[in-house]
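Observations on the model geometry
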Amino acid sequence: MTVSVGIIATILVLSVAKQADSVLAPVAFALFIIAIVWPLQRRLQSLMPRLLALAIVMVVTVSVGLCFAAAIVWGVGNVWRAMIADTAHYEMAYGNALGWLEAHGVSVRGIWAEHFDTARVLRIAQQVGGRLHTTSIFWIVTLTYVILGLLEVEDMQGRIAALKNREAARILLEVGSGAAMQFRRYMVVRTLMSVLTGLLVWAFARAVGLPFAQEWGVIAFALNYIPFVGPFIATLLPTLLAMLQFDTWLAVVVVFICLNVIQFAVGSYVEPRIAGNVLSMAPSLVLFAVFLWTFLWGFPGTFIGVPITITILAFFRANPKTRWIGDLLGKGGSPPPVT
C-alpha cells in the first residue's frame, strides 16, 4: 500500500512539474545558483555591507555566464567570418556535393525548394526570435530570484532552526547544507570534464587538419556544461565544416565518428562514473536524471536534472524512514562527508 501511494504521489509531482515548468524551472535554477555562490556572499558580507556584497556576487555570477556565451560567440564567429571570406571555395564544394547527390538519384534542389521557401524561413526566424525572448525572460526571472534568495538565506536558516518540529528542522538544515556542498562538487566535476572534452576535441582537430581547432576546442568546452544537447551541437558544427573542407566522404565520416567517440566516452562513460563516485549516485541514475528532467522541462531540465536528483536523494538519506531509498539509488550507501 505504501509503495503504491509513493508511486502515485511521484507521478502526480512529476505531472505538476511538467505543467508548471515556466514557474518552477527558474526557481530551481535560482536555488542552484544560490547554493553555488552563497559561500562567496557569506564571506564578502562579513567584510562589507550586505548589499555591496550582493552587488559583487551578482556581477561575478553574470560575468561568468557572459564569459561562456562570449566563448561560444567567439568560436562560432571566427568560423563564420572565415567561411564568408572564402565563400567561393565553399560554394564550389556545395555545388560538387549537389552534383554528386543528383548523379546518384538524389534531387536536393527539389527538396530544398519544397521545404525551404521564404515563408518557411520567416517562420523559423520568428520561432528563433521567440525562443530568444523566452530565454531572456527566463534568466531575468532567475536572477531576480537569486537576488531575493541571497538576501533571505540567513533569515530562512533562522526560521527553520526555530521550528517546533525539531526533526523537520534537522532534516531541512541537513539537506540544505549537504545538497549545497554536493552542487559545488558537481560543478567541479562538470568543469573538469568540460576541460577534458575541449582538449580532446582540440587535439583531434589539429591531428586531422580540421581548420579552427582552437575554436572547436573552446566551443566543446563551453557547450559541454549542457549535457547531451551541448555535445551534439559541438559535434555537428565541425562535421558540417569537414563536409566542405575534405575531398572524400571517408574523411567526413571519420571526423564525425571520432568526435562522437570523444563526446560519448567523456559524457556517457567517464563523467557519470566520476560524478557517481563524488556524489554517491549510481552512474545510471545520473543519466536517467538528465533524460527525465529534459523531458519534463526541456533545455533547462537538461542542466538542472542532476542537481534536483541530488536534492531528492539528500531528503531520502536524511529521513530514517526513507534512507533505504537513498541507499538503493545511491552508490556506496552514503554521501561523501560534508565539510
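Residues numbered from 1 in each chain as written. Predicted model: local features only at pLDDT ≥ 70, side-chain atom pairs only at ≥ 80, totals over all residues. Heavy atoms only, no water.

1. Here's the deal with the environment of Gly-176
Looking at where Gly-176 falls in the secondary structure, it is placed in helix H7 (residues 166–208). Considered as a pair, Gly-176 and Ala-35 are 141 residues apart in the sequence and their alpha carbons are 8.6 Å apart. (Helix = DSSP H or I, 4+ residues; strand = E, 2+ residues; numbered from the N terminus.)

2. Details of the confidence of the model for the protein
The predicted structure's coordinates, where accompanied by low pLDDT, should not be read in detail. Scored by pLDDT, the protein comes out at a mean of 79, with 81% of its residues at no less than 70. Per-element averaging of pLDDT across the protein places helix H5 (residues 108–115) at the bottom with 55 and helix H2 (residues 21–45) at the top with 89. Low pLDDT, under 50, characterises residues 333–339; the stretch is placed with 17 contacts to residues that sit more than four places away or in other chains. (pLDDT = per-residue confidence, 0-100. Contact = heavy atoms within 4.5 Å.)

3. Digging into the pattern of salt bridges
One pass over the full model with this rule turns up two salt bridges. For Glu-174, the salt bridge is made with Arg-170, and the minimal N-O distance between the two is 2.7 Å. Taken together, the positions of Glu-174 and Arg-170, both in helix H7 and four residues apart, correspond to about one turn of that helix. Look at Glu-174 and you get partly exposed, because its relative accessible area is 39%. In this structure, a network of salt bridges that share partners links the residues Glu-167, Arg-170 and Glu-174. (Salt bridge = Lys/Arg side-chain N within 4 Å of Asp/Glu carboxyl O. Buried < 20%, exposed > 50% of the residue type's maximum accessible area, 1.4 Å probe, protein only.)

4. Re the packing of aromatic side chains
Inspection of every chain in the model, using the stated rule, returns 10 aromatic pairs. Ring geometry for Phe-29 against Trp-139: centres 5.4 Å apart, planes inclined by 75°, an arrangement best described as edge-to-face. Of this pair, Phe-29 sits in helix H2 while Trp-139 sits in helix H6 (residues 118–161), and the two are 110 residues apart along the sequence. Overall, the relative accessible area of 6% leaves Phe-29 in the buried class. (Phe/Tyr/Trp six-rings, centres within 6.5 Å; stacked < 30°, edge-to-face > 60°.)

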